[in-house]
Structures are given as structure tokens and as C-alpha cells.
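# Residue-level structure breakdown
Now for the letters of each chain:
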Amino acid sequence: MLIPDYIDEHLLVLNKPSGLLCVPGRGEDKQDCLSARAQQQWPDALVVHRLDQPTSGLVVMARSLAVQRALGDAFAARAVRKRYTAVVCGSPAAQPLPPSHALHAAMPQDGHRWSLVDLPLIADWERRPLQRVDGEMGKPSQTWWRAMNAEEAAALPAIPAGSTRLWLGPLTGRTHQLRLHMQAIGHAMLGDGLYASAAVQAMAPRLLLQAQQLVFAHPVTGQWLDCRLAADF
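Rules used in this analysis
Residues numbered from 1 in each chain as written. Predicted model: local features only at pLDDT ≥ 70, side-chain atom pairs only at ≥ 80, totals over all residues. Heavy atoms only, no water. Helix = DSSP H or I, 4+ residues; strand = E, 2+ residues; numbered from the N terminus. Rg over C-alpha atoms; globule rule 2.2 N^0.38 Å. Buried < 20%, exposed > 50% of the residue type's maximum accessible area, 1.4 Å probe, protein only. Areas by Shrake-Rupley, 256 points an atom, 1.4 Å probe, with all protein chains shown as cover. Lys, Arg positive; Asp, Glu negative; His and termini not counted. Charge placed at Lys NZ, Arg CZ, Asp CG, Glu CD. Salt bridge = Lys/Arg side-chain N within 4 Å of Asp/Glu carboxyl O. Arc of directions from axis to C-beta. Phe/Tyr/Trp six-rings, centres within 6.5 Å; stacked < 30°, edge-to-face > 60°. Lys NZ or Arg CZ within 6 Å of the ring centre and 35° of its normal. Pairing = 2+ DSSP bridges.

Now for the overall build of the protein. Helices and strands together make up the secondary structure of the protein, namely five helices and 12 strands. The C-alpha atoms of the protein give 18 Å as radius of gyration, which agrees with the globular expectation for 233 residues (17 Å, within 12%). Viewed in the frame of its principal axes, the protein has a C-alpha envelope of about 45 × 45 × 45 Å. Counting only residues that meet the buried cut, the protein has 46% of its 233 residues in that class. Of the roughly 12,000 Å² that the protein leaves accessible, carbon and sulfur atoms contribute 53%. Of the side chains in the protein, 22 bear a positive and 20 a negative charge, and the two mean positions are spaced by 2 Å.

Right, here's the structure in full:
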């Protein structure tokens, strides 16, 4: 049974476990998914966006076509603030943007300095479902990141030696963006079966990536919703 993080007559926000598909895949063995489970409890539930199968965390679903369109437009317009937590190998060196940078105003406003990965991504058709960085043909893709400080991590479980907890704030929403951006700067996520080396993949029993916060304006009431989860790793 799914327990919503938020629910009303217009929408619901669910916590997807790692390993569960968001929508059905091809084949009878891939029909169990978050949307199917949600529709068993709320027959009017409609898909708005997705998380990768190994990623855990918050997923919002609409309960009418009008709300589905409104939420889809909000995601497309980057009007939904998303924050993820991840554990990566190594210790990424911060590279804060100078105030003169065109994207400096889009930096998350939490009193901390964030670094930006700005690398265009494209599908790697010869190695699907992988994506790759492509400076000529790739679509613009930007991810804010910063290391979690000691106070933020104090109450969380210990992580393997040689790894770092990060906050991630995607500006764009490309397939595998967070995973590939971290790998591209030399710090793949622990447990990542697509982009990490075998040694880094073996450092965790699952992909250590969670959609921990969604902030958006309710499409009907206009009220700002701030949905958050506790870290699950």
C-alpha cells in the first residue's frame, strides 16, 4: 500500500522505492510499477514525470487531465524546484560560479555556494539506454551541486571511506543527467550500474541517488508545496 507524502483531490506526491519502475516497461515482467500501484488505490492517478528505476524518491501524479497538463507545463518551464541527494566516489573539488556568470542568478538560494556542471547530453544510440556528453549535438544540460556539510550529514548513516554526500539541483531534466554529469567530472555515484566502474558500483547495494525535495505551486490553489523526504541511505 502506498502512503502519499501529500494528497488532495487534485494531485498526490508519492515516494518511489529504488528498483521500482515509474511506468510499465516492455514485457509481462515489467508491468509492476509506481503508476500501476497508484492507480489501484487512486484510479484517477495520471503520470506527470518519471524517475529512473534505480533512483528513489518523490514523484508527483495528477488526478485530472487539466492538472496533468498544468504540472507538465510547470516542469517544462523549470518552475518545479528539485533537490536530490547522492553519494559519489572521491571528493569533488568545488568550483563556484563567479557572479558575472549568466546562470549565477539560478543558483539554489540556501546560503551556500554551489558548483555547476554544464555539459550537453545526447542519447548514445549504439549503447542504449546509455547517454553521453556531446558538445556539438547534445542538448543543454545543467546540474548544480555542492557537498553536504558535516552538520547536514551528522544524523545520516555512515558512508564508505573515499566517498562524499552531495546535494544536486538539476536545472534541466535530461535522461540520466545527474548520474552522467557526476561521472563526467570524475565522481560517479556509488551503486550506479550504468556509468560507474565495477569497483564503484560494488560500493553500494543500490544506486545512491534520491529525489528528496520537490517545491512547486499547486496548479489549482496556487499554494506553494514543499515536499521533503528523509534520506533513505
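Having put the structure on the table, let's press on.
Counted under the stated rule, the structure contains 11 salt bridges. A salt bridge links Arg83 to Asp110; its shortest N-O distance comes to 3.5 Å. Note that Arg83 is positioned in strand E5 (residues 81-89) and Asp110 in the loop between E5 and strand E6 (115-118), a separation of 27 residues in sequence. Glu152 is the salt-bridge partner of Arg146, the closest N and O atoms lying 2.7 Å from each other. Since its relative accessible area comes to 28%, Glu152 is described here as partly exposed.

Two residues of an α-helix separated by three or four positions point the same way, owing to the 3.6 residues in each turn. Here helix H1 (residues 34-41) has its buried residues at Leu34, Ser35 and Ala38. The buried residues of H1 all sit within an arc of 90 degrees when viewed along its axis, so they share a single face.

Another aspect to go through is the packing of aromatic side chains. On inspection of all chains with the given rule, the structure shows zero aromatic pairs. Just above the ring of Trp167 sits the side chain of Arg83; from NZ or CZ to the centre is 5.6 Å.

So, about the pairing of strand E9 (residues 142-147). Counting buried residues in E9 gives five out of six residues, a clear majority hidden from the surface. Pairing of E6 with E9 involves four bridges; the strand directions are antiparallel. Looking at the pairing, Val117 lines up with Thr143 of E9.

Pro129 follows Arg128 through a cis peptide bond whose omega is 10 degrees. Structurally, Pro129 is set in the loop between strand E7 (121-123) and strand E8 (131-133). Here the phi dihedral of Arg78 falls at roughly 60 degrees; this positive angle occurs in a residue that is not glycine. Looking at the secondary structure, you find Arg78 in the loop between helix H2 (65-76) and E5. Within the chain, His176 stands out as a residue other than glycine whose phi angle is a positive 60 degrees. Structurally, His176 can be placed in the loop between strand E10 (163-170) and helix H4 (177-184).

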